[in-house]
Amino acid sequence: MARPFGTKYIETPEAMWDLFEAYKKEIKSNPIKKMVFVGKDGNPEFEERERPLTFEGFKNYCRKQVGEVEQYFVNPDKRYDDYISICRAIKDEIKQDQIEGGMAMIYNPSITQRLNGLVDSKKIEHSGGLNIPKLPVIVTGK
């Protein structure tokens, strides 16, 4: 059955924050297991890695819990103005987790930089050609 027109999946901004807190708790208590090979015989073992917070992960978590939430962040027709500060805080906290995790080498710093637009790019231009001085031609006589 469809939701009645004008109602929201998430009734209040506080309920949105509660969803985010539940997402964080689930993600941080469920590390990624990476297979590593240990010792001279290369015995396979699993190493736990901290799982980063992601915006896509939060949206997928919400879809499973309450339904689509993209509209809260996009705010079409200004229907979700009450959620602007909560949505901004969620995005900021996710970004902070990624940046700090990248800086501490918990997550891949290169990916963290790209995801958050932190790549330091320098443009170096070279113009002209090589400046090779002409040497005098020495002619030896007969």
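Heads up: the structure comes first, above all this text.
Okay, so let's go over this structure. Given the structure is predicted, the values throughout are model-derived calculations rather than measurements.

Rules used in this analysis
Residue indices begin from 1 for each chain and proceed along its sequence in written order. Two thresholds apply to this predicted model, a pLDDT of at least 70 for residue-level local features and 80 or more for giving and counting side-chain atom pairs, whereas whole-chain, interface and lining totals are computed over all residues. Side-chain calculation: all heavy atoms of the structure are included, whereas hydrogens and water are not. Runs of E in the DSSP output that reach at least two residues are strands. Runs of H or I that reach at least four are helices, and both are numbered from the N terminus. When a residue's accessible area, from a 1.4 Å probe over protein chains only, is under 20% of the maximum for its type it is buried; when over 50% it is exposed; and in between it is partly exposed. Working rule for contacts: check all heavy atoms of both residues, and any pair within 4.5 Å makes them a contact. Among buried residues, the Ala, Val, Leu, Ile, Met, Phe, Trp, Tyr and Cys ones that are joined through side-chain atoms within 4.5 Å form a nonpolar core. Under the pairing criterion, centres of Phe, Tyr and Trp rings, with the six-membered ring standing for Trp, must be within 6.5 Å; the plane angle then separates stacked pairs below 30 degrees from edge-to-face pairs above 60, leaving the rest tilted. Strand pairing follows a simple DSSP-based rule, namely that at least 2 bridges must link the two strands. Helix span, expected: 1.5 Å multiplied by one less than the number of residues in the helix. Here the arc refers to the directions that run from the helix axis out to each C-beta atom.

## Comments concerning the overall build of the protein
- Of regular secondary structure, the protein possesses 5 helices and 2 strands.
- Along the protein, from the amino end to the carboxyl end, the secondary structure elements read α-β-β-α-α-α-α.
- Across the 142 residues that make up the protein, the buried fraction comes to 25%.
- Across the protein, the fraction of contacts at a sequence separation of at least 24, relative to all contacts at a separation of at least 6, is 56%.

## A word on the nonpolar core
- Residues Met16, Phe58, Tyr72, Phe73 and Ile90 are the most contacted members of the largest nonpolar core, which totals 20 residues.
- Of all the secondary structure elements, the ones that give two or more residues to this core are helix H1 (13–28), helix H2 (55–65), helix H3 (70–74) and helix H4 (84–103).
- Once residues within four sequence positions are removed from consideration, phenylalanine 73 is found in contact with Met16, Phe55, Phe58, Cys87, Ile90 and Lys91.

## Observations regarding the packing of aromatic side chains
- One pass over the structure, following the stated rule, counts 10 aromatic pairs.
- Consider the rings of tyrosine 23 and tyrosine 61, whose centres lie 5.8 Å apart with planes at 55°: the pair is tilted. Within this pair, whereas tyrosine 23 is found in helix H1, its partner tyrosine 61 is found in helix H2, the two being separated by 38 residues in sequence.
- For tyrosine 23, a relative accessible area of 2% gives the class buried.
- Residue classification places tyrosine 61 among the buried residues on the basis of a relative accessible area of 11%.
- Between tyrosine 80 and tyrosine 83, the ring centres sit 6.1 Å apart and the planes meet at 65°, which makes this aromatic pair edge-to-face. Comparing tyrosine 80 with tyrosine 83 shows no difference in burial state: the two are buried.
- Ring pairs connect the aromatic residues Trp17, Phe20, Tyr23, Phe55, Phe58, Tyr61 and Phe73, which therefore count as one cluster.

## Some remarks on the pairing of strand S2 (residues 43–49)
- Pairing of strand S1 (residues 32–38) with S2, which is carried by 7 bridges, proceeds in the antiparallel orientation. If you follow valine 38 over to S2, its bridge partner there is asparagine 43.
- Counted between consecutive antiparallel strands, the loop separating S1 from S2 contains 4 residues, among which glycine 39 sits at a positive phi close to 80°.

## Overview of H1
- Counted at 1.5 Å a residue, the expected span for H1 with its 16 residues is 22 Å, and the 23 Å between its end C-alpha atoms agrees.
- Of all the residues in H1, the buried ones are Pro13, Met16, Leu19, Phe20, Tyr23, Lys24 and Ile27. Seen from one end, H1 has its buried residues packed into an arc of 140°, which puts them on one side. Within H1, the exposed residues directed more than 90 degrees away from the buried face are Glu14, Asp18 and Lys25.

## Things to note about unusual backbone geometry
- For lysine 78, which is not a glycine, the phi torsion comes out positive at approximately 60°.
- With relative accessibility at 61%, the residue lysine 78 sits in the exposed group.
- Of note, the phi angle at methionine 105 is positive, near 65°, even though the residue is not glycine.
- Along the polypeptide, methionine 105 turns up in the loop between H4 and helix H5 (109–115).
- With a relative accessible area of 60%, methionine 105 lands in the exposed category.

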